[in-house]
Amino acid sequence: MAIAVEHLARTYSSDTGSLTAVADLSFEVRGGEIVGLIGPNGAGKTTTLRALAGILRPTSGRVFIDGHDIVADPLEAKRRLAFMPDEPHLFEYLTVTEHLRLVARLFGVADIDRRSAALLEELELRGKERSLPGELSRGMRQKVVIACGLVRDATTLLFDEPLTGLDPLGIRRMRETIVARGRAGAAILLSSHLLHLVEEICTRVIIMDRGQKIADGTFEELRSRVDLAEAGSNLEQIFLSVTGNNRAGQP
Amino acid sequence: MLGASLYVIVCSARNRLRMRLRRLREPRYLAGAVVGAAYLYFSFFGRLRGARSDRARAARARRRASPLGELPGLAVAAPVLGGMALLAAAALSWMAPFESGLLEFSEAETQFLLTAPITRRQLLLHRLLRSQIGMLFGAVIFGITVPSSSGYRRLSVGIATWLLLVTWKIYFAGVSLTKARMRAESGAPRAAAFVPAAIVVTAAALVAAALLRAFYIAPPAGLAGAAALVAGAAEQPVIRIVLWPFIALVRPLFAASTSGYVPAIAAALAVTAAVTVWMLRSDDAFHLAVDAAARRRSRRAPGRRPVSYRTRAEGWTLAPSGRPETAFAWKALMQTLRVFDRREAVRAVVVLTALTLITVATGREGPAALLGGFSMAAAGFAILMAPQVVRIDMRQDLEHLELLKTWPVRAASVVRGQLLWPTALITAFAWTMIAIAVALSGTLVPNVAWLSRVAAGVAVLILAPALVVAQLTVHNAVALMFPAWVPLGVQRARGVDAMGQRIILLGGTWLLLIVMAIPAALAGGLFWLAAARFFGTLMLMPAAAIAAVVIAIEVVAVTEALGPVYDRLDILAVERPE
């Protein structure tokens with residue numbers, strides 16, 4: 001199993017109290033699967049992805065990437081993982097090419113020049129090789145982050161709102177890229193509010209609300225659920241029904 | 001609009017205060033608040049009480065009423081000198097590449113106010129009102145620090161300071177607005193925009209010429225003589241006229257009595273009013289100036305100073321394989337190279353080397369001693385203080401923790417990698433300075449034998465990288481263990497509690513450094529005691545080497561111990577800007 005999440009929980013503490021962002025979450029993603037992680041704002045999607053990426057330590061529960069525990073065996077787990085966050089975090093003093101070289105060095109990627117040239121072409125970053133992040137638009141910076149994730153042969157790809165800031169052509173290219181990686185055998189977990197995108201490219205959907213998994217399955221499985229039979233045939237209707245907002249917009 | 005501005009200011013201040021009070025529930029902020037309050041008490045209020053003591057009264061009785069009472073000449077010339085300084089700054093502001101912060105609207109102000117049906121002048125007045133809290137705080141602090149026991153004197157100085165700060169702020173905003181007009185207009189309007197600049201620069205040139213003439217005709221003997229000469233030059237009719245608004249602004253600071261203060265503050269108010277009218281009437285290019293300010297702000301992330309990185313030929317391409325530590329060092333090197341101009345660094349080294357060689361070759365003891373002393377001080381500063389200032393390590397990279405955490409790199413390697421480049425950078429500077437100091441040491445300590453001086457110099461050379469890396473290790477350890485206490489990147493938390501936290505952190509860091517230095521000092525010291533009696537000062541070098549090795553072992557051990565700390569580090573524990 002490429003991704004295995006067992007009873008994951010994460011609580012945030014602050015001076016105003018504590019908040020459970022994710023509670024008792026369990027799921028699995030196989031190689032070749034593209035799983036959409038959807039939910040309303042504050043559902044715990046980003047927290048889940050960050051815990052999977054090793055950025056946040058789970059309060060309890062375990063996360064395995066290709067069988068390696070992200071807490072107990074982080075180096076092996078992270079070698080197999082690529083996380084593309086919604087906010088492009090880049091070093092403002094490194095150029096696009098230097099970001100790729102740094103990632104290649106840290107992840108032990110051979111043949112970086114050929115790979116980066118192909119990726120820069122694929123992501124339409126050609127001509128921006130020597131640009132600093134400050135000289136790039138938000139969409140371009142997002143593409144650099146994605147290039148850094150894709151430049152290595154990760155078996156597990158985590159995307160958090162991957163299309164934020166991209167232009168229409170960029171969105172189409174990104175969609176194709178994600179599907180191609182899935183077909184190549186990568187396990188992909190993708191969080192997005194763009195339900196039509198999720199419906200189009202994902203093979204399975206996990207719906208979260210208030211830190212908990214409230215639905216998990218293929219579209220056919222969700223449509224055939226007894227409690228959702230009345231919801232409708234598309235993902236948006238199912239999502240609204242599952243999250244209890246199905247009355248929104250009705251007179 | 002005034003009501004809306006006051007509403008924004010009051011709500012912002014109230015919410016900020018609430019937030020700061022609420023965070024006192026956290027022990028780290030509470031401890032910081034206690035220490036910060038104690039520091040403030042002893043710095044300011046303790047000083048107030050001290051000023052009222054009999055001893056202080058007696059000491060003041062020996063002086064004149066003015067703060068510059070010890071130097072009568074200076075006391076008389078103080079308003080003139082202040083006015084001249086203000087005029088120079090006013091003239092320079094037209095040439096300096098800086099722009100007024102008054103035109104930098106926040107994101108929220110841009111969204112809510114620039115889209116609202118509000119006139120440009122109202123917007124400018126809103127920004128001016130918003131800037132008052134900071135200026136009032138500055139004026140209060142200045143008033144408290146005035147060496148006087150009189151509450152009236154503190155209050156009058158505080159008001160005068162506030163008026164000066166406000167006027168300068170308004171003037172600088174006017175300069176930025178006029179500069180925008182200069183860039184935007186053409187023909188007669190553009191020429192008109194140059195008039196205020198021409199007036200101020202001409203005034204500055206007239207004063208400079210008068211001063212130069214006065215100093216050339218009768219060079220003064222001593223500080224008091226120079227002050228008298230300046231005061232005399234300011235009495236010339238034309239100079240009196242051009243200096244009047246500038247002297248009027250600073251005169252209330254030096255007025256010792258109420259009868260002198262009231263007309264002085266009235267004149268200052270008149271100048272402030274005139275400057276305000278000029279600034280508000282220069283608002284034609286308001287949107288251009290605000291756009292330029294917004295672009296400047298967008299180029300820097302929140303909570304940062306405007307650091308501009310420029311791409312240049314790297315000179316070092318990161319190899320595709322190798323130790324991860326070198327990747328971190330390369331990353332930090334790139335950061336440094338993209339802020340500093342390498343050619344300027346090379347130029348500085350060439351100039352320093354040339355100066356050293358010339359002073360040694362010509363045997364001029366004065367310049368040699370000066371340069372040698374400076375180099376020794378610079379080396380000392382680099383070794384003992386630079387690790388606190390140069391933060392190209394985990395203290396800055398906590399900002400990128402979210403990215404770093406996804407890398408498959410051993411935590412201890414991350415920490416060691418973070419230490420490499422700052423150690424190399426500071427050491428290189430310290431070694432340069434030590435080399436110059438050793439070369440010129442004959443003029444500094446002529447009684448010490450040449451061999452001993454070289455031995456001591458080499459010992460410091462050996463010890464320098466160890467001391468630097470030890471300090472950096474402590475600073476990075478503190479950053480990892482108490483990330484919430486460490487200011488992130490270049491941003492600084494505000495408030496008495498945050499100030500107290502910084503004081504506690506500094507004390508803790510120094511304590512840890514001492515603990516870390518003890519084993520090395522013992523090992524090196526014992527060797528020195530045993531060997532020096534047989535082999536003399538030459539044994540300083542192996543003693544330093546022993547101490548350096550002990551420190552290196554400690555650094556490796558500490559970085560290994562920090563590995564699990566880094567692994568457990570939660571990105572939410574890192575302090576965020578307010």
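Residues numbered from 1 in each chain as written. Chains lettered and ligands numbered in written order. Predicted model: local features only at pLDDT ≥ 70, side-chain atom pairs only at ≥ 80, totals over all residues. Heavy atoms only, no water.

Digging into the overall build of chain A
Then step 1. Secondary structure summary: chain A contains 9 helices and 10 strands in total.
Then step 2. Relative to the compact-globule value of 18 Å for 251 residues, chain A shows a C-alpha radius of gyration of 19 Å, a close match.
Then step 3. Along the first, second and third principal axes, the C-alpha atoms of chain A reach 55 × 40 × 40 Å.
Then step 4. The burial tally for chain A puts 54% of its 251 residues in the buried class.
Then step 5. When contacts within chain A are restricted to residue pairs at least 6 apart in sequence, long-range pairs at least 24 apart make up 67% of them.
Then step 6. As presented, chain A carries roughly 10,600 Å² of accessible surface, and 48% of it is formed by carbon and sulfur atoms.
Then step 7. Here chain A holds 31 positive side-chain charges and 34 negative ones, and the gap between their average locations is 3 Å. (Helix = DSSP H or I, 4+ residues; strand = E, 2+ residues; numbered from the N terminus. Rg over C-alpha atoms; globule rule 2.2 N^0.38 Å. Buried < 20%, exposed > 50% of the residue type's maximum accessible area, 1.4 Å probe, protein only. Contact = heavy atoms within 4.5 Å. Areas by Shrake-Rupley, 256 points an atom, 1.4 Å probe, with all protein chains shown as cover. Lys, Arg positive; Asp, Glu negative; His and termini not counted. Charge placed at Lys NZ, Arg CZ, Asp CG, Glu CD.)

So, the overall build of chain B
Then step 1. In terms of regular secondary structure, chain B is built from 24 helices and 0 strands.
Then step 2. Counting across all 578 residues of chain B, residues that qualify as buried make up 44%.
Then step 3. Partitioning the intrachain contacts of chain B with sequence separation of at least 6 by distance along the chain shows that 79% fall at a separation of at least 24.
Then step 4. Surface exposure of chain B reaches about 29,300 Å², of which carbon and sulfur atoms provide 71%.

Concerning a nonpolar patch on the surface
All names here are of chain B.
Then step 1. Taken together, Phe381, Leu384, Met385, Val389, Leu506 and Trp510 make up a surface patch of nonpolar side chains, about 540 Å² in accessible area.
Then step 2. Every element with two or more residues in the nonpolar patch is listed here: helix H16 (365-384) and helix H23 (496-535).
Then step 3. Residue placement: valine 389 occurs in helix H17 (residues 386-389). (Patch = residues over 30% accessible without salt bridge, like charges linked within 9 Å, V, L, I, M, F, W, Y side chains within 5 Å. Salt bridge = Lys/Arg side-chain N within 4 Å of Asp/Glu carboxyl O.)

Digging into a positive patch on the surface
Then step 1. A surface patch of like charges, here positive, comprises Arg14(B), Arg18(B), Arg22(B) and Arg25(B).
Then step 2. Checked against the element boundaries, Arg18(B) lands in helix H1 (residues 2-22).

Let's talk about the pattern of salt bridges
Then step 1. Evaluated as defined, the whole model comprises 35 salt bridges over all chains.
Then step 2. Notably, a salt bridge pairs Arg114(A) with Asp111(A), separated by 2.4 Å at the nearest N-O pair.
Then step 3. Classification of Arg114(A) by relative accessible area gives exposed; the value is 53%.
Then step 4. Taking relative accessible area as the criterion, Asp111(A) reaches 41% and is therefore assigned partly exposed.
Then step 5. The salt bridge partner of Arg175(A) is Glu200(A), with a shortest N-O separation of 3.5 Å. Highlighted residues: Arg175(A) in helix H6 (residues 168-183) and Glu200(A) in helix H7 (residues 195-201), separated in sequence by 25 residues.
Then step 6. Residue class for Arg175(A) comes out partly exposed when judged on its relative accessible area of 21%.
Then step 7. Linked by salt bridges that have partners in common, Arg323(B), Glu325(B), Arg410(B), Arg416(B) and Glu560(B) make up one network.

Remarks on the sheet that holds strand S7 (residues 156-160) of chain A
All names here are of chain A.
Then step 1. Taking strand neighbours across the sheet as the criterion, the 6 strands line up as S6-S7-S8-S3-S9-S10 in an open arrangement whose pairing is mixed. The open sheet has two edge strands with one neighbour each: strand S6 (81-84) and strand S10 (212-217). Neighbouring strand axes in the sheet, compared pairwise and without regard to direction, differ in orientation by 15° on average.
Then step 2. Alignment of strand S3 (residues 34-38) against strand S8 (residues 187-191), held across 4 bridges, turns out to be parallel. What sits directly across from leucine 37, in S8, is serine 191.
Then step 3. This element, helix H5 (residues 138-150), spans S6 and S7 of the sheet and lies at about 175° to S6. (Pairing = 2+ DSSP bridges. Axes fitted to C-alpha atoms, helices over the stretch in contact; angles between N-to-C directions.)

What to know about the interface of chain B and chain A
One frequently used descriptor of interface size is the decrease in accessible area upon assembly of the parts.
Then step 1. At the interface, 43 residues of chain B touch 31 residues of chain A.
Then step 2. For the chain B and chain A pair, buried surface summed over both sides reaches about 3,500 Å², with 60% attributable to carbon and sulfur atoms.
Then step 3. Taken together, chain B and chain A are joined by 3 salt bridges.
Then step 4. We note a salt bridge from Arg50(A) to Glu402(B), for which the minimum N-O separation is 2.5 Å.
Then step 5. The greatest single-element share of the side of chain B that touches chain A, amounting to 8 residues, is contributed by helix H14 (residues 324-337) of chain B. (Buried area = accessible area lost by both parts, 1.4 Å probe.)

Side note on the side chain of Asp497(B)
Residue and element names in this part refer to chain B.
Then step 1. Mapped onto the elements of the fold, aspartate 497 is located in helix H23.
Then step 2. Taking the relative accessible area as the measure of exposure, aspartate 497 reaches 5% and is therefore buried.
Then step 3. Beyond its immediate chain neighbours, meaning those up to four positions away, aspartate 497 contacts Arg20, Arg23, Leu24, Tyr29, Gly32 and Ala33.

Section: the pairing of S8(A)
Residue and element names in this part refer to chain A.
Then step 1. Most of S8 sits inside the fold, with 5 of its 5 residues counted as buried.
Then step 2. Of the two faces of S8, the one carrying Ala187, Leu189 and Ser191 and the one carrying Ile188 and Leu190 are both buried.
Then step 3. Relative to S8, S7 runs parallel, the two being bridged by 5 bridges. When the sheet's bridge partners are listed, leucine 158 is paired in S8 with leucine 189.

A short note on the packing of H23(B) against helix H24 (residues 540-568) of chain B
Residue and element names in this part refer to chain B.
Then step 1. Running from N to C, H23 and H24 cross one another at 155°; their axes reach a closest spacing of 8 Å. If you check the angle between H23 and H24, you find them roughly antiparallel. Of the two possible hands of crossing, H23 and H24 adopt the one that is right-handed. Taking contact as the criterion, the partners of Met516, Pro519, Ala520, Ala523, Gly524, Phe527 and Trp528 in H23 are, on H24, Leu540, Pro542, Ala543, Ile546, Ala547, Val550, Ile551, Glu554, Val555 and Val558.
Then step 2. Considering only residue class, the contact of H23 with H24 consists of 15 nonpolar, 1 polar and 1 charged. (Parallel < 35°, antiparallel > 145°, perpendicular 65-115°, else oblique. Left-handed = near helix turned anticlockwise from the far one by under 90°. Nonpolar A, V, L, I, M, F, W, Y, C, P; charged D, E, K, R; others polar.)

Remarks on the packing of helix H3 (residues 96-107) of chain A against H14(B)
Then step 1. Across the interface, H3(A) lies against H14(B) with an axial gap of 9 Å and an inter-helix angle of 165°. Classified by the angle between their axes, H3(A) and H14(B) sit roughly antiparallel to one another. In this structure, H3(A) meets H14(B) at a crossing whose hand is left-handed. When H3(A) is examined against H14(B), the residues Glu98(A), Leu102(A), Arg105(A) and Leu106(A) are found in contact with a partner set consisting of Pro324(B), Thr326(B), Ala327(B), Phe328(B), Trp330(B), Lys331(B) and Met334(B).

Points about unusual backbone geometry
Leave glycine aside and you will find that most residues have negative phi; peptide bonds, for their part, are mostly trans.
Residues and elements named next belong to chain A.
Then step 1. Although it is not a glycine, glutamate 124 adopts a positive phi angle of roughly 60°.
Then step 2. You can call glutamate 124 partly exposed: its relative accessible area is 27%.
Then step 3. Positive phi outside glycine occurs at arginine 210, with the angle close to 50°.
Then step 4. Along the chain, arginine 210 falls in the loop between strand S9 (204-209) and S10.
Then step 5. Note on arginine 210: relative accessible area 67%, which makes it exposed.

Quick look at the environment of Ala21(A)
Residues and elements named next belong to chain A.
Then step 1. Tracing the chain through its elements places alanine 21 in strand S2 (residues 17-29).
Then step 2. By relative accessible area, alanine 21 is classed as buried at 9%.
Then step 3. Each C-alpha atom, one on alanine 21 and one on leucine 125, is 36 Å from the other, the two residues being 104 residues apart in sequence.
Then step 4. For alanine 21, the contacting residues outside a window of four places in its chain are Arg10, Tyr12, Ala43, Gly44, Thr47, Arg210 and Gly211.

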